[in-house]
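Report on the structure
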Amino acid sequence: MPTTPAYAAPSAKAALGPFTLERREPRPQDVLIDIQYCGVCHSDIHQARDEWGGAVFPMVPGHEIVGKVSKVGSAVTTYKVGDTVGVGCFVDSCRECPQCLKGEEQYCDRGSVNTYNGRDYDGQPTYGGYSTHITVDAKYVVRIPEGIPLDRAAPLLCAGITTYSPLRYYGVKPGDKLAVVGLGGLGHMAVKLGKAMGAEVTVLSTSPSKRDDALALGAAHFEATSDKATFKKLRRSFDFVLDTVSAQHDYNAYLNLLKTDGTMILVGAPEMPTPLAAFSLIPRRLKLGGSMIGGIRETQEMLDFCAKHQVASDVEVIPVQKINEAYERMLKNDVRYRFVIDTASLKAK
C-alpha cells in the first residue's frame, strides 16, 4: 500500500508532527478504512507524554475512529465497500479466554491489542487514528448507525462506551439517582447516557461556570464541589456515583454521598494512587468498582442506543495541525467537550 499520512509524537513530551506509516494490505479477514474523523481522548495526552509508562515511539495516537470501508478482504461478509464504520480502543484479542468468549474482549486474559501505543501479536507496533487510513480485522470493527453525525459519533468509540458500559453493568435504571463527577469528555457523555436510561442525574464539578452546560446536557441538578458545604448537603443522596475525573481528589468524600448499598464507579484514572479508608465503605455496605471500555458487542449496542435516543458527543472539530494546541487547551479544560480531528486536513498541502 502507499504510505499513509499521519501525525505522531516522536518521543515523550515532544510536539506531535507529520509522519508517514505503512498500513498492511488487507488480509482475508480485514477491512481497509478511509478515516474521516478521529476523536482526541485525554488518554492520548497521557500516552504521548509517557505518563503511564511503557510508551512506544514514534506514536500515532487516536482510538475514536470513524470512516468508510474502502476495501474488504476475501473472507469478510459483515461489511462492504462504502459502509460507515468505527474502530475503538483495541483491534485484536486472544479470542480464546473466558472474557473473549463472552464478548468482553477489553478484559482479554492475554491482553487486547491497543489501537495505538501497543504491539500486535506479531510484535509490530500499532498506530492509531491521527492518520488517513487504518487496516483492521473486521471482527473488531463496529457499524455507525444512521442518524449520528460522523464527527459527533467518533468520541462515542471511547468516551461513549467508557460511560455506557459501567452504567449498564452496575444496573443503573429509571428513577435511580446518579451523580456524575466531572463534566469533561467522559462526564458530558455520562450525563446524556444516564438521562437516556431514565436516571435523575446530578453533575458534581469544581467549576460553577459549568452549571448551565450541565443542565443543558440533561442534568436535573448541578452542585459545585468547590463549596465544601456541598458534601454535607448531599450526604447519602445517591444510588450511584460515576467518577470521571483523572486529577487527584478524595474518593472518601464522594463515597459519603452514597445511600446504603450504593455504588461508586471509577472511570477516571489519576496518575497517582488515592488513599481509601475502609470505614468509607463498611458502615453502609457500599461498593467501589471500576470499569474500562466495552467489548465489540456492547460497543455496537451503545451506538444503536445512541442512535435511538439521539445521543451524540458535543465536539469541536479541528485540523490535525492544531493538535498540540488542542492538547494544551484540554489540560486547561478549554473544550466543550471533545476535540475531533477532521482527517482531510492530513491531505492539505
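All of these numbers come straight from a predicted model, not from anything done at the bench.

1. Some remarks on the overall build of the protein
Regarding its fold elements, the protein presents 10 helices and 17 strands. Against the compact-globule benchmark of 20 Å for 349 residues, the protein has a radius of gyration of 20 Å, which places it among compact chains. If one aligns the C-alpha atoms of the protein with their principal axes, the spans along those axes are about 60 × 40 × 35 Å. Going through the 349 residues of the protein one by one, you find that 54% of them count as buried. Taking the contacts inside the protein whose residues are at least 6 apart along the sequence as the reference set, 67% of them involve residues at least 24 apart. Within the structure as shown, the protein displays about 15100 Å² of accessible surface, and the carbon and sulfur contribution to it stands at 52%.

2. Remarks on the packing of aromatic side chains
Under the definition given, this model contains 5 aromatic pairs. Ring centres 6.0 Å apart and planes at 55° place the aromatic pair F19 and Y127 in the tilted group. A residue pair is termed long-range when its members are at least 10 positions apart, and F19 in strand β2 (residues 17–21) and Y127 in the loop between β7 (113–114) and β8 (133–137) qualify at 108 residues. Residue F19 is classed as partly exposed on the basis of its relative accessible area of 25%. Taking the relative accessible area as the measure of exposure, Y127 reaches 19% and is therefore buried. The lysine or arginine in question, R110, covers the ring of Y121, its NZ or CZ lying 3.8 Å from the ring centre.

3. Digging into the UniProt feature "domain: Enoyl reductase (ER)" (unreviewed entry) in the protein
Per the UniProt annotation, the sites labelled "domain: Enoyl reductase (ER)" (unreviewed entry) are residues 9–341. With 23% helix and 25% strand, residues 9–341 has its two end C-alpha atoms placed 16 Å apart.

4. Quick look at the packing of helix α4 (residues 159–169) against helix α5 (residues 185–196)
The interhelical angle for the contact between α4 and α5, taken along N-to-C directions, is 50°, at an axis separation of 8 Å. With respect to each other, α4 and α5 are oriented oblique. In terms of crossing hand, the pair formed by α4 and α5 is right-handed. Contacts between α4 and α5 involve A159, G160, T162, T163, Y164 and L167 from the former and G185, L186, M189, A190, L193 and G194 from the latter. A class-by-class count of the residues in the contact of α4 with α5 yields 7 nonpolar, 5 polar and no charged.

5. Concerning the packing of α4 against helix α9 (residues 296–309)
Two packed helices can be described by the angle between their axes and the distance between those axes. Contact geometry of α4 with α9 gives a least axis separation of 10 Å together with a crossing angle of 100°. When the axes of α4 and α9 are compared, the pair comes out roughly perpendicular. Each of G160, I161, Y164, S165 and R168 in α4 lies in contact with α9, whose residues at this interface are E298, T299, E301, M302 and F305. Its residues assigned to classes, the contact of α4 with α9 comprises 4 nonpolar, 3 polar and 3 charged.

Thresholds applied
- Residues numbered from 1 in each chain as written.
- Predicted model: local features only at pLDDT ≥ 70, side-chain atom pairs only at ≥ 80, totals over all residues.
- Heavy atoms only, no water.
- Helix = DSSP H or I, 4+ residues; strand = E, 2+ residues; numbered from the N terminus.
- Rg over C-alpha atoms; globule rule 2.2 N^0.38 Å.
- Buried < 20%, exposed > 50% of the residue type's maximum accessible area, 1.4 Å probe, protein only.
- Contact = heavy atoms within 4.5 Å.
- Areas by Shrake-Rupley, 256 points an atom, 1.4 Å probe, with all protein chains shown as cover.
- Phe/Tyr/Trp six-rings, centres within 6.5 Å; stacked < 30°, edge-to-face > 60°.
- Lys NZ or Arg CZ within 6 Å of the ring centre and 35° of its normal.
- UniProt positions renumbered as here; feature names shortened; annotations may be inferred.
- Axes fitted to C-alpha atoms, helices over the stretch in contact; angles between N-to-C directions.
- Parallel < 35°, antiparallel > 145°, perpendicular 65-115°, else oblique.
- Left-handed = near helix turned anticlockwise from the far one by under 90°.
- Nonpolar A, V, L, I, M, F, W, Y, C, P; charged D, E, K, R; others polar.

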